[in-house]
Amino acid sequence: MAWYSTASYAEPTQDLPGMGFKTNYVKLGENPNISFWFKAYTNSGAADVNQMTATVRVSNDEGEWDEIWSLAPDKTDSISITGDWQQLKLQLPEKYKGKTARVCIAFYAKESYDYNLMIDDVLIGTPPSNDAALAILHGPTMANPGKEQTYTVEVVNNSETDIEGGKIIVSDDFTGDELTQVNCPKLAGNATTPVEVKWTPERAGAYRLIATYHNDGDADEANNTSSQLNIVVLPKDNRSVIDNKGKEWTGAMRLPVDFNSYECINQTIYRASDIGSNKGTINSIAYLTALKTPYYSDNFKLYVAETDKDDLSDGVFIPDSEFVKVFDGNIYFPTGTNTMVIPFEKPYDYKGGNLVVMTTRKSDNFMYGIYYKLWLCKDEGDIRSLSSSSLIPGKVFGNDNKVIDKIGAFPETLFNIVYGPVGELGGKITDKDGSPVKGAKVTVTGSKLSAVTDAEGQYEISGVAVGDVSVAVTAHGYRDATSAVSTVSDGGKTTINVSLEAYPKYTVKGKFINDEGTGISNVAITLEGYDKLSAITDNNGNYTIPGVTGQTGVEYVLTAEQPYFYTYHNQISVNADLSKDFELDYKAGKAQQPTAIVSDDQKSCSVSWGIPLVEYSHDSGVAKDFVGWQNAGEQIGAGACFKQNSEINEVSFYVGSAPAGHGKFNVYIFGLLPDGKPNKNNILFTAKDIPYVDNAWTTYKLPYKVKADGFMVFITCDGFMNIGVSEPTGEYPFAPGQCYYAGDGFSVQFSDMQTYGNLHFMIRAYGKDLGAWKGSELSRGPVSEDFAGRKSATYDVYRLTHEYNKIEAEKVASVSDTKWTDAGYAELEPGRYSYSVVAKYGSKESIESISQIIDKTSTSVSNVNSDDAGVSIEGDDLVLSCPELIKEVTIANVSGVILVNTHSPEARISLRDMGKGVLIVNVKNNNGKNTVFKVVR
């Protein structure tokens, strides 16, 4: 048997102390032995014996494990680790003679030491007197009829003595036919002998080779069959077509078959132009692989289908019912870089569509380290592959909600195909005036075989099956056209020219206004449908978009964006010149965070705030639910991404209450990558342990303005966050890339919220617009604070009274200015106060902005007896100058209710939540002397 793994996959347990395996029950015989070959290494050489432990254990009569051997630097029977293959032989103690037992072999790396481990040729029990076993059969997997091939089968002599005689027969497991045989050489005892077998195939097709060992005196015929070797003998007119037309190549383990999982389904699409014909017979497929150790795979299946899809960007697997199974078996992977050939058990009749190859695998084990050569697609949005895999059984097969990953890459693939009689097509595509049409797609009808015209309008298509054909032509800006039927001859070239009619061009213009009819400046407009065009409104709100292709049957979506308004979408048809006005809905931006300042004479309080800034938000403001992480930390949290160029002043977030408390809240601002995703390595701002409120918006004003050309506001919490999430609305639609979370910490990765659900985190930012984001296709300058179409706000001011566990609000003013003075401040009772400001725009109002809390106090202290004992009042705190000299402090109200009694007083004792009125404080020092104070609040 062979076994491979890495030491980093498991911690030692009582059941299995490290990486390794346990056998089933084995008859140990009269002379019990254990032997195996192993290789322990790192990328730089041999594994360090000082960083490893290893054990061989055998089960006893009580079902427990006895340690037979262990690896340790200080043991006399220890071995040195070379980094190459080494054999370990162990003679078991006498007590195991004649027993049936299990064997456990395990290696373990100490602490975080990582190394690779391979184990092979495990022999357990009493060596037989005459037993040869066949192991791996390997050799060429692509051959040609009439050409001799040489294969090698590994023959293991399990006996201690040499074995003479015997023969090896190679057969086709598909048909049962014997193909060739060879006499076996003398087999040395306790050794593996490679035996060469020569064979000349006579017919083309798929073969599943197996070797069998035959010797009349062999003790165990159950191990006389080799592994299977799947090969293809190529037909006479075979062509090998390689699809490697990518941007750049890389190595990956997931495609085409993921052995590093328990379950996987993969699909990859190949265009007809990559196959090279619109008709043929495919007999096999091949991929490039790279391994550090040979591996004989478990079972997997390969299917093929044809589709009209040009890519797999919709993220939906093509249904199983459309596929034909062409392979069901195992593959041998040699060490190093090799070609993995998968012969089709029955050749597939290709009909000229885009070809989809699907592989499926379901197993109870996985194998790390099988790499394939993978090509990245040239175009960023080109999705050539889909993959769903899991290390958890049941997550892929039979799961309607399985995760399907879209991959802009494909494995380098070789197709062995026989075309049959073919010819070529060529010609020129022009407009009605005879001018060449560049970039027109010319497709052989009834297939997906196509070509694109060059600057002269010329095209060529090879590999066209003989017979009557026509071509379909599509080109942007022109009506589709199909040619007349022409005939393609074997080896000939047929010319087909096509003239195209252009679609008419129109102008779309109009005006963007607010609800008062005022034109809005600096509105960025995108018109997307058949074309994608853009414009920006002038100071009067007017826009003009010329050159819009019309009468195509394709609807256009007009999108308008201006930082102070909700994004607007409208679907329009363009069949003539069009004049159309649109009204935008103004965002109810909140006032900048107020500041409250009490006058020197304590008679009034001045409240001031800034005019509303641009609001950056995705949420509707209505909490659908609350989410958090039980074992959170500084890097675990939620974020909202904004593809805006801004100078950020404030951030806001909404959290629900947490019965056990939240812990500390932290604010991070990250920059964005060019693709709009958050850049975990670009932290623009950090603030920790910021004040917050439950079941309300918390606004944090940055100590300095942060400029960011695209940013994400990310909130973390040391405890249970319970941050609000809202459902998408028409004004706030959901889209990938808006919100992210980091359940394992942002230093690991950010995950798009779409993997969790179509919900928005209730996180917002406020700032000054600096123009279009760097990733925008539209160039737009900054929107000034006095832009045309801006609506003026009025402000409602509320005085908030903070009492124990509740807040009471009283509306005290409505103003149009950005400041107000509370002249009644002097008449307020002692307590804690703040002010909130709500911006109003007609019937709309913003979320509130809340000032800092002001402590208005009349607390005083006076002695009931003569000694002061070092007691004073600072704000709402009772201050003890020498708490170490005080034995006990008791605080009671005038009704005799004890509010505080402590024998280990802190230097400061808060009186904030003890109500108004008179408090009696009794201080007892270490000498037993009492001092009594009266505190008036």
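Just above sits the structure.
This section reports on the structure supplied with the text. Once a new chain begins, its residue numbering starts again from 1 and follows that chain's sequence as written. Only residues with pLDDT of at least 70 are given local features in this predicted model, and only at 80 or more are side-chain atom pairs given and counted; all residues enter the totals for whole chains, interfaces and linings. Think of the side-chain values as coming from all heavy atoms in the structure, minus any hydrogens and water.

Considering the side chain of Gln-738
Working step 1: Mapped onto the elements of the fold, Gln-738 is located in the loop between β61 (723-726) and β62 (739-742).
Working step 2: By the criterion applied in these results, polar contacts are pairs of N or O atoms within 3.5 Å in which, for protein atoms, one can donate a hydrogen and the other can accept it, and in which residues neighboring in sequence qualify only through two side-chain atoms. Here the side chain of Gln-738 touches Pro-733 through a polar contact of 3.3 Å, landing on its backbone oxygen.
Working step 3: A distance of 2.7 Å separates polar atoms of two side chains, one belonging to Gln-738 and the other to His-760.
Working step 4: Apart from residues no more than four positions distant in its own chain, Gln-738 is found in contact with His-618, Gly-639, Ala-640, Cys-641, Pro-733 and His-760. Only DSSP runs of H or I with at least four residues qualify as helices, and only runs of E with at least two residues qualify as strands; both kinds are numbered from the N terminus onward. We call two residues in contact when some of their heavy atoms are within 4.5 Å.

Structural notes on empty space enclosed by the protein
Working step 1: Only protein atoms enter the 1 Å grid used here, on which a cavity is any set of points holding a 1.4 Å probe that cannot leave and a pocket is any open set flanked by protein within 12 Å on both sides along at least five of seven lines; residues with an atom within 4 Å of a point are listed as lining. Grid points are joined across faces, edges and corners, and a volume is the space filled by probe spheres set on the points. Counted under the stated rule, the structure contains 2 cavities of 30 Å³ or more.
Working step 2: Taken together, Tyr-564, Tyr-586, Lys-587, Gly-589, Pro-612, Leu-613, Val-614, Glu-615, Arg-790 and Tyr-841 make up the lining of the largest cavity.
Working step 3: Charged means Asp, Glu, Lys or Arg here, nonpolar means Ala, Val, Leu, Ile, Met, Phe, Trp, Tyr, Cys or Pro, and polar covers whatever is left, Gly included. Residues that form the lining of the largest cavity fall into these classes: 6 nonpolar, 1 polar and 3 charged.
Working step 4: Lining of the second largest cavity is provided by Leu-255, Pro-256, Asn-266, Thr-268, Tyr-287, Val-357, Met-358 and Thr-359.
Working step 5: Put simply, the parts of the chain that give the lining of the second largest cavity at least two residues each are β22 (263-270) and β29 (354-362).
Working step 6: At 3 residues, the largest contribution of residues to the lining of the second largest cavity is made by β29.

Remarks on the pairing of strand β74 (residues 871-874)
Working step 1: Strand pairing is defined by DSSP finding a minimum of two bridges between the two strands. Across 4 bridges, the pairing between β74 and strand β75 (residues 877-880) is antiparallel. Looking at β75, one finds that Ile-873 is bridged to Leu-878.
Working step 2: Hairpin remark: β74 followed by β75, antiparallel, with 2 residues in the connecting loop; positive phi at Gly-875, about 65°.

Considering the pattern of salt bridges
Working step 1: A pairing counts as a salt bridge when a side-chain nitrogen of Lys or Arg comes within 4 Å of a carboxyl oxygen of Asp or Glu. One pass over the full model with this rule turns up 29 salt bridges.
Working step 2: Glu-460 serves as the salt-bridge partner of Lys-493, at 3.0 Å between the closest nitrogen and oxygen. With Lys-493 in strand β43 (residues 493-495) and Glu-460 in strand β38 (residues 458-465), this pair connects stretches of sequence that are 33 residues apart.
Working step 3: The cut-offs for exposure are 20% and 50% of the maximum accessible area for each residue type, with area from a 1.4 Å probe on protein chains only; residues under the lower value are buried, those over the upper are exposed, and the others partly exposed. Overall, Lys-493 belongs to the partly exposed group, its relative accessible area being 49%.
Working step 4: In this structure, Glu-501 and Arg-479 form a salt bridge, with 3.7 Å as the shortest nitrogen-oxygen distance.

Digging into the environment of Asn-758
Working step 1: Inspection of the secondary structure assignment puts Asn-758 in the loop between β63 (751-752) and β64 (760-761).
Working step 2: With a relative accessible area of 48%, Asn-758 lands in the partly exposed category.
Working step 3: Apart from residues no more than four positions distant in its own chain, Asn-758 is found in contact with Pro-728 and Phe-734.

Some thoughts on unusual backbone geometry
Working step 1: Cis peptide bonds are those with omega within 30 degrees of zero, and the linkage from Leu-255 to Pro-256 qualifies with 5°.
Working step 2: Position of Pro-256 among the secondary structure elements: in the loop between β21 (248-252) and β22.
Working step 3: With a phi angle near 50°, Asn-190 is a residue other than glycine that sits in the positive phi range.
Working step 4: Its location among the elements puts Asn-190 in the loop between β16 (178-183) and β17 (191-199).
Working step 5: Residue Asn-190 is classed as partly exposed on the basis of its relative accessible area, which comes to 34%.
Working step 6: If you check the backbone angles, Asn-695 has positive phi at about 55° while not being a glycine.
Working step 7: Turning to its location among the elements, Asn-695 is positioned in the loop between β59 (678-690) and β60 (696-717).
Working step 8: Judged by its relative accessible area of 44%, Asn-695 falls in the partly exposed class.

Here's the deal with a positive patch on the surface
Working step 1: Patch membership requires more than 30% relative accessible area and the absence of a salt bridge. Residues of like charge join within 9 Å; the nonpolar side chains Val, Leu, Ile, Met, Phe, Trp and Tyr join within 5 Å. In this description, accessible areas are obtained by the Shrake-Rupley approach with a 1.4 Å probe, and a residue is regarded as covered only by the protein chains that are shown. His residues and chain termini do not enter the charge count, which takes Lys and Arg as positive and Asp and Glu as negative. By convention, the point assigned to a charge is CZ for Arg, NZ for Lys, CD for Glu and CG for Asp. Together, Lys-701, Lys-705, Lys-707 and Lys-768 line one region of the surface with positive charge.
Working step 2: In terms of residue count, the dominant contributor to the positive patch is β60 (3 residues).
Working step 3: Considering the arrangement of structural elements, one finds Lys-705 in strand β60.

Structural notes on the sheet that holds β74
Working step 1: Spatially, 3 strands are ordered β74-β75-β78 in an open sheet, and the strand pairing comes out antiparallel. Lying at the two open borders of the sheet, with one neighbouring strand each, are β74 and β78 (908-910). The sheet shows a mean angle of 25° between the axes of neighbouring strands, direction not considered. Every axis in this analysis is a line fitted to C-alpha atoms, fitted for helices over the stretch in contact. Angles between the N-to-C directions lie between 0 and 180 degrees.

Some remarks on the nonpolar core
Working step 1: Core analysis: the biggest nonpolar cluster contains 81 residues, and Ile-723 and Phe-761 have the highest contact counts within it.
Working step 2: With near-sequence residues (within four places) excluded, Ile-723 lies in contact with Asp-625, Phe-626, Val-627, Ala-638, Phe-653, Tyr-654, Val-655, Ile-715, Phe-761, Met-762 and Ile-763. Definition used in this section: a nonpolar core is a set of buried Ala, Val, Leu, Ile, Met, Phe, Trp, Tyr and Cys residues joined via side-chain atoms within 4.5 Å.

What to know about the packing of aromatic side chains
Working step 1: Side-chain rings of Phe, Tyr and Trp, where Trp is taken by its six-membered ring, are said to pair if the distance between their centres is within 6.5 Å; with planes under 30 degrees apart they count as stacked, over 60 as edge-to-face, and otherwise as tilted. Counted under the stated rule, the structure contains 39 aromatic pairs.
Working step 2: To sit over a ring, a charge needs its Lys NZ or Arg CZ within 6 Å of the ring centre and within 35 degrees of the ring normal. The ring of Tyr-766 carries the charged tip of Lys-590 above its face, separated from the ring centre by 4.5 Å.

Things to note about the environment of Phe-410
Working step 1: Tracing the chain through its elements places Phe-410 in strand β33 (residues 409-411).
Working step 2: Using a relative accessible area of 1% as the deciding quantity, one classes Phe-410 as buried.
Working step 3: Phe-410 sits 166 residues away from Asn-244 along the chain, and the two C-alpha atoms are 8.6 Å apart.
Working step 4: When residues no more than four places from it in sequence are discounted, the contact partners of Phe-410 are Asp-243, Asn-244, Lys-245, Gly-246, Thr-268, Leu-374, Trp-375, Cys-377, Arg-384 and Ser-385.

Nothing here speaks to function; it is all geometry.
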